[in-house]
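# Coordinate inspection notes
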Amino acid sequence: MHTIVVTGGCGYIGSHTALALLEKGYEVLSIDVLEHNQTQVEADICTLSGKAFQNTRINLCNLRALRRFFAERKNIAGIIHFAAHKLVPESMQRPLRYYGNNLLSLINVLVCAREHNIKAFIYSSSSAVYGNVNSLPVTEETPCFEQQSVYGRTKYFGEHIVRDAVPIASLRAVILRYFNPAGAHESGLLGEYDQGPPQNLVPALTAAAAGIIPELVVFGKDYPTPDGTCIRDYVHVMDIAEAHVKALEYVLNQGDGPSVEVVNLGSGTGYSVLQMIEAFENTTGLKVPYRIGPRRSGDAVAVYADHSKATRLLGWQPRRPLSEIMLSAWRRRQLLVERAVSKSAG
Ligand code: WQD
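Notes on the structure follow. Quantities reported herein were computed from a predicted structural model and do not represent experimental measurements. (Residues numbered from 1 in each chain as written. Predicted model: local features only at pLDDT ≥ 70, side-chain atom pairs only at ≥ 80, totals over all residues. Heavy atoms only, no water.)

What follows is about empty space enclosed by the protein. Counted according to the given criterion, the structure contains 3 cavities of 30 Å³ or more. In this model, the largest cavity occupies a volume close to 80 Å³. What lines the largest cavity is Gly-183, Ala-184, Glu-192, Tyr-193, Val-202, Pro-203, Thr-206, Ala-329, Arg-332, Arg-333 and Leu-336. Those elements that provide at least two residues to the lining of the largest cavity are α7 (201–209) and α11 (322–344). At 4 residues, the largest contribution of residues to the lining of the largest cavity is made by α11. Looking at the lining of the largest cavity residue by residue, the classes come out as 6 nonpolar, 2 polar and 3 charged. (1 Å grid on protein atoms, 1.4 Å probe; cavity = no way out; pocket = protein on both sides within 12 Å on 5 of 7 lines; lining within 4 Å. Points joined across faces, edges and corners; volume = space filled by probe spheres on them. Helix = DSSP H or I, 4+ residues; strand = E, 2+ residues; numbered from the N terminus. Nonpolar A, V, L, I, M, F, W, Y, C, P; charged D, E, K, R; others polar.)

Pasting the structure below:
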């Protein structure tokens, strides 16, 4: 079976995708600098897959080190490029860090793909490229007028870099625009990690329910939405992982000749922040302490997907309901708490 390089293979979506690839019989070579010190992920993926899983700790902005990695490994059939900084608020405070890391790492990976004649390329993009849209649900033809965050712009520019590289590297590329990945592997062994205060909604919500933070702060209740809070399309991270396997099989089974497709990965349903709190409480029976705070810079008002192209082109459908996102996220939170307690107990 094919050997696939997964950059960011120890990250949130990357680790779930690496597991899905291993379970389908692929050999997976991960490149991850482990910036969140997620050293446990390698062992967890080996445990869950029963397969060998190896991560190489390289900063993708170091082209010399990356070239050495590819020179030492032959017969790589494809690359899935996840590695990037991904926090909207942080991107607004540290724009040059985000442009430098997210774009240079992508360029270096594309340089190596071309030098080693690797044609199958999957790029991790984001619904953040759409910004505030005029019509919903969002299709792949919806114009990407003005991204609301630096993070969204790094993904928008990244897509153009991939497109421009396709003809000169003869790539067969799929650009996957994730809406809001959430939840965790059913074991809880993979999921969001807890380095630092939780930034995304679902981990912040479970942290508040677990008492790790005093309360969830809802960033604004004065948006032009039914309950005044922002609307997003939350999709189970395991569904996202399965979409990557299908996208990879799509490009591996295509004929020769350069090509690029953009595909939305979302559930197709939008939920507001308050609806997410309600869904968590109804699913788990737990209360989420929260308060309404000011808006967060970089937030779009409402965005959710039309995923019919993913179904038509890749044969992909999101399978896991919102309740499974909440249950798996809560199971992940409980495992993180248990690990923190056992670590402090020495
Ligand atoms: C969702 C909503 C917040 C935290 C991110 C990034 C990127 C992308 C998708 C892959 C917003 C509100 C959040 C909190 C809150 N991933 N919120 N209180 O910013 O939509 O997108 O995930 O591409 O990582 O673009 O996700 O979970 O941060 O926010 O009220 O403590 O929840 O304002 O409306 P976002 P998010």
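Taken together, the side chains of Ile-212, Val-337 and Val-341 present a nonpolar region at the surface, about 230 Å² in accessible area. As for its position among the elements, Val-337 is in helix α11. (Patch = residues over 30% accessible without salt bridge, like charges linked within 9 Å, V, L, I, M, F, W, Y side chains within 5 Å. Areas by Shrake-Rupley, 256 points an atom, 1.4 Å probe, with all protein chains shown as cover. Salt bridge = Lys/Arg side-chain N within 4 Å of Asp/Glu carboxyl O.)

This paragraph deals with the site of the ligand. Around the ligand there are 22 residues in total, and Leu-201, Val-217, Arg-232, Arg-296 and Asp-299 lie nearest to it. Between an oxygen atom of the ligand and a side-chain N or O atom of Ser-126, the distance comes to 3.3 Å. Between Arg-232 and the ligand, the recorded distance is 2.7 Å, taken from a side-chain N or O atom to an oxygen atom. Relative to its free-state accessible area of 690 Å², the ligand is covered by the protein chains to the extent of 93%. If you list the elements that add at least two residues to the shell around the ligand, you get β7 (180–182), α7 and β8 (216–219). In terms of residue class, the shell around the ligand is built from 14 nonpolar, 4 polar and 4 charged. (Near = heavy atom within 4 Å. Polar contact = N/O pair within 3.5 Å; in protein donor to acceptor, adjacent residues only side chain to side chain.)

Right, let's get into the packing of aromatic side chains. In total, this model carries 5 aromatic pairs according to the counting rule given. A network of ring pairs unites the aromatic residues Tyr-99, Tyr-156 and Phe-157 as a single cluster. The ring of Tyr-223 is capped by Arg-295, whose NZ or CZ atom sits 4.0 Å from the centre of that ring. (Phe/Tyr/Trp six-rings, centres within 6.5 Å; stacked < 30°, edge-to-face > 60°. Lys NZ or Arg CZ within 6 Å of the ring centre and 35° of its normal.)

Turning to the state of the cysteines, a few remarks are in order. Counted by the stated rule, this structure contains 0 disulfides. You can see Cys-61 has no disulfide; the closest cysteine sulfur is in Cys-112, sitting 12 Å from it. (Disulfide = S-S within 2.5 Å.)

One number sums up the size of the second largest pocket: a volume of about 410 Å³. As for the second largest pocket, its lining consists of 15 residues, of which Asn-37, Gln-40, Asp-194, Gln-195 and Lys-343 are closest to the centre. For the lining of the second largest pocket, the elements supplying multiple residues, two or more each, are α2 (40–49) and α11. If you tally residues by element for the lining of the second largest pocket, the top one is α11, at 5 residues. When grouped by side-chain class, the residues that make up the lining of the second largest pocket number 5 nonpolar, 5 polar and 5 charged.

Here we take up the nonpolar core. Grouped together as the largest cluster of nonpolar side chains are 62 residues, with contacts concentrated most on Leu-21, Leu-176 and Leu-265. Not counting residues within four places of it along the chain, the set of residues in contact with Leu-265 comprises Leu-176, Arg-177, Tyr-178, Phe-179, Val-235, Ile-240, Ala-243, His-244, Ala-310 and Trp-316. Counting 28 residues, the second-largest nonpolar core is a separate cluster that includes Val-5, Ile-79, Ala-113 and Ala-173. (Core = buried A, V, L, I, M, F, W, Y, C linked by side-chain atoms within 4.5 Å. Buried < 20%, exposed > 50% of the residue type's maximum accessible area, 1.4 Å probe, protein only. Contact = heavy atoms within 4.5 Å.)

Further remarks concern the pairing of strand β5 (residues 120–126). Burial of β5 is extensive: 7 of the 7 residues sit out of reach of the surface. Residues Ala-120, Ile-122, Ser-124 and Ser-126 point to one face of β5 and Phe-121, Tyr-123 and Ser-125 to the other, with burial holding for every one of them. Bridge count between strand β4 (residues 76–81) and β5: 4 bridges; the pairing is parallel. In the strand pairing of β5, His-81 is matched with Tyr-123. Where β5 lies against strand β6 (residues 172–178), 7 bridges are found, and the strand directions are parallel. Opposite Ser-124, over in β6, you have Leu-176 as the bridge partner. Where the polypeptide runs from β5 across helix α6 (residues 150–169) and back to β6, its parallel neighbour, the crossover connection is right-handed. (Pairing = 2+ DSSP bridges. Right-handed = clockwise from strand over helix to strand, strands pointing away.)

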